[in-house]
Amino acid sequence: MILKKKWHSLLPAFLLFLGLSLQHHSLAYQFTEDLLRGSFWRTFPIPLKLQIASNDSRFSITEQALVDAIEEWQKHSQIKLWDYQEGGTSARANNVVRWSNNFQKETGYSATSTMAITVRYSSPPLLQRTEIIINGQYFGLANIEDLRKILIHELGHTIGLDHSQEYGSLMYSTLALGGSGPSYLSSDDIEGLNQVIAYHAQKQSEPIQLEQRSQGSSNPLDSIAGCGQNNQHQLSFSAAENKDVKKQFYSWIFSLFLGGIITTTLYAMKLKFIKKN
């Protein structure tokens, strides 16, 4: 009976400790800027195709990685998000996954540090088209598992998920290749997926009011948006990002340390109170 009371006395302190140690995980997912401005897909699934010649040596590995990446998202979704026809072609799909052999010149991002970008085109508020461009000059993309992780990440951007602030999430701004790092969606990724689906469902149920285009504009796609700056998304490794990873890790260690101190202090105070009474 005394033991039971001791465990009960620990419960509030333990919950406080748990909350402090996991505080950096709370709501780490984020929506892309265009979704925050009200853009959305009119319907799901999004028709998707590979814009790669079937005799290209990369076709088979890219298709398998793409199918696996779609499946990773789909197993956590109540609705079908993408419509991909195996074989890579679909007459009605203008949303593409493709390689670029001149990546830096085409996108403006470094060919040595950027693995892929995702671009979403819209005629506000409707998202009209999306494109995933894989860096054909990047040395580390021959492994199907690495390519799968990259495509999971980029597919998240096609539906409006931005970079997560949770290190260890597949939607985090950097990914570890070569068999290290996460290979599956984290709980934060899945929560982000649920919220972005709910967002699109809400928008789809409302009357659509197209924004007025600038007079004289001949471009049917007035807005090009990504999940980063320069209207595009980059997935890269840099010294600045490595420092950010270390900062988050040290913050987590500090939260554990602080939570441990508070838990120990509260427990000691409880024991002292029991002895007095």
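Think of each chain on its own: its residues are numbered from 1, step by step along the sequence as written. Local features in a predicted model are, by the rule used here, given only for residues with pLDDT of at least 70; side-chain atom pairs are given and counted only at 80 or more, and totals for whole chains, interfaces and linings are based on all residues. Neither water nor hydrogens contribute to the side-chain values; these are computed over all heavy atoms in the structure.

> Teacher, can you tell me more about the overall build of the protein here?
Strands here are runs of E lasting at least two residues and helices are runs of H or I lasting at least four, both read from the DSSP assignment and numbered beginning at the N terminus. Along the protein, the regular secondary structure elements total seven helices and six strands. Overall, the protein shows an N-to-C arrangement of helices and strands of α-α-β-α-β-β-α-β-β-α-α-β-α. By residue count, 44% of the 277 residues in the protein fall in the buried class. When contacts within the protein are restricted to residue pairs at least 6 apart in sequence, long-range pairs at least 24 apart make up 76% of them. Areas reported here follow the Shrake-Rupley algorithm with a probe of radius 1.4 Å; residue values treat only the protein chains shown as occluding. When the accessible surface of the protein is totalled, it reaches about 15,200 Å², and 55% of it is carbon and sulfur. Whether a residue is buried, partly exposed or exposed follows from its accessible area with a 1.4 Å probe, protein chains only, as a fraction of its type maximum: under 20%, in between, or over 50%, in that order. Two residues form a contact once any of their heavy atoms are found within 4.5 Å.

> Sorry, what's going on with helix α3 (residues 59–74) here?
Between the first and last C-alpha of α3 there are 22 Å, a value that for 16 residues agrees with the 22 Å anticipated at 1.5 Å per step. By the burial criterion, the buried members of α3 are Phe 59, Thr 62, Glu 63, Ala 65, Leu 66, Ala 69, Ile 70, Glu 72, Trp 73 and Gln 74. As for α3, its buried residues are in contact with β1 (46–50), β2 (82–84), β3 (95–100), β5 (126–135), α5 (144–158) and α6 (187–204). Expected helix span is given by 1.5 Å per residue-to-residue step, counting one fewer step than there are residues.

> Would you take a moment to explain α6 for this structure?
Residues separated by three or four positions in an α-helix point in the same direction, a consequence of the helix having 3.6 residues per turn. Here α6 contains 18 residues, and its C-alpha end-to-end distance of 26 Å stays within 8% of the 26 Å for a straight helix at 1.5 Å per residue. Along α6, the residues that are buried comprise Asp 188, Asp 189, Gly 192, Leu 193, Val 196, Ile 197, Tyr 199 and His 200. Packing partners of the buried residues in α6 comprise α2 (33–36), α3 and β5.

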